[in-house]
Structures are given as structure tokens and as C-alpha cells.
Amino acid sequence: MHDSTTFGILIMFGIVFVPVYVMFAGWFLGKPKQLRPVAKGIGYLVVYTAAIVVALGILGTVLSLIVPY
């Protein structure tokens, strides 16, 4: 089981996230250099990720109250 988990992580970060890597590279290495849109894009990604984490935490808490062990 450990080998398949490791393989899945390699697939995820090595292949699936390639468009995200290209997006960040384009933001930082592209021309013309405009920092305001880059900051907005990163801010949107951070806020969206934080919203997902908070929502999953709330959902987990509510479900732990409803579903018995």
C-alpha cells in the first residue's frame, strides 16, 4: 500500500500539477512584468484554498457530531 501511495503522490505533483507550475512560471517570468495581477492571482488561490480547508473542517466537525463511531 505504501508503494501505491508514493506512486500516486509522484503522479499528482509530477504530472497533474504541471499546468499550475506553468501558470506560476508565466506569472513570474513573463513579460511585461506586472505585479498587481500576479498578486491578485496568488491572493485568489490562497483565499480559495483557505475557504476549502475551513469548509472541510466545518463539515468534518458537523459530521462527527451526527455520525456515531
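Here is what the cut-offs are and how they apply
- Within each chain, residue numbers correspond to sequence positions counted from 1 in written order.
- Whole-chain, interface and lining totals are the exception, using all residues; otherwise, since this is a predicted model, local features are given only for residues with pLDDT of at least 70 and side-chain atom pairs are given and counted only at 80 or more.
- The side-chain values count all of the structure's non-hydrogen atoms but skip hydrogen atoms and water molecules.
- Strands are runs of DSSP state E lasting at least 2 residues, helices are runs of H or I lasting at least 4, and numbering of each runs from the N terminus.
- With C-alpha atoms as the basis for the radius of gyration, the globule rule is written as 2.2 Å multiplied by the number of residues raised to the power 0.38.
- Here the term buried applies to any residue with accessible area under 20% of the maximum for its type, exposed to any over 50%, and partly exposed to those in between, with areas from a 1.4 Å probe on protein chains only.
- Excluding any residue in a salt bridge, patches collect residues exceeding 30% relative accessible area, merging like charges within 9 Å and nonpolar Val, Leu, Ile, Met, Phe, Trp and Tyr side chains within 5 Å.
- For the area figures, the Shrake-Rupley method with a 1.4 Å probe applies, and any residue is considered shielded solely by the protein chains shown.
- Counted as salt bridges are all cases of a side-chain nitrogen of Lys or Arg within 4 Å of a carboxyl oxygen of Asp or Glu.
- The predictor attaches a confidence to each residue, and that confidence, scored 0 to 100, is pLDDT.

**Observations regarding the overall build of the protein**
Logical step 1: Per the secondary structure count, the protein includes three helices and zero strands.
Logical step 2: Reading the protein from its N terminus to its C terminus gives the helix and strand order α-α-α.
Logical step 3: Computed over the C-alpha atoms, the radius of gyration of the protein is 18 Å, more than 25% above the 11 Å expected from 2.2 N^0.38 for a compact globule of 69 residues.
Logical step 4: Its C-alpha atoms give the protein principal-axis dimensions of roughly 55 × 30 × 10 Å.
Logical step 5: Every one of the 69 residues in the protein was classed for burial, and the buried ones make up 3%.

**Brief notes about the environment of L45**
Logical step 1: Mapped onto the elements of the fold, L45 is located in helix α3 (residues 35–66).
Logical step 2: The partly exposed category is assigned to L45, whose relative accessible area is 35%.
Logical step 3: Sequence-wise, L45 and Y69 are 24 residues apart; in three dimensions their C-alpha atoms are separated by 35 Å.

**Overview of a nonpolar patch on the surface**
Logical step 1: Residues F7, I9, I11, M12, F13, I15, V16, V18, V20, Y21 and V22 make up a contiguous nonpolar surface patch of roughly 980 Å² in combined accessible area.
Logical step 2: With seven residues, helix α1 (residues 2–16) is the single largest residue contributor to the nonpolar patch.
Logical step 3: Mapped onto the secondary structure, I15 falls in helix α1.
Logical step 4: Overall, I15 belongs to the exposed group, its relative accessible area being 55%.

**A word on the confidence of the model for the protein**
Interpreting fine coordinate detail is not advised for predicted regions of low pLDDT.
Logical step 1: Model confidence for the protein is summarised by a mean pLDDT of 87, while 93% of its residues fall at 70 or above.
Logical step 2: For the protein, per-element mean pLDDT is lowest for α1, which scores 79, and highest for α3, which scores 92.

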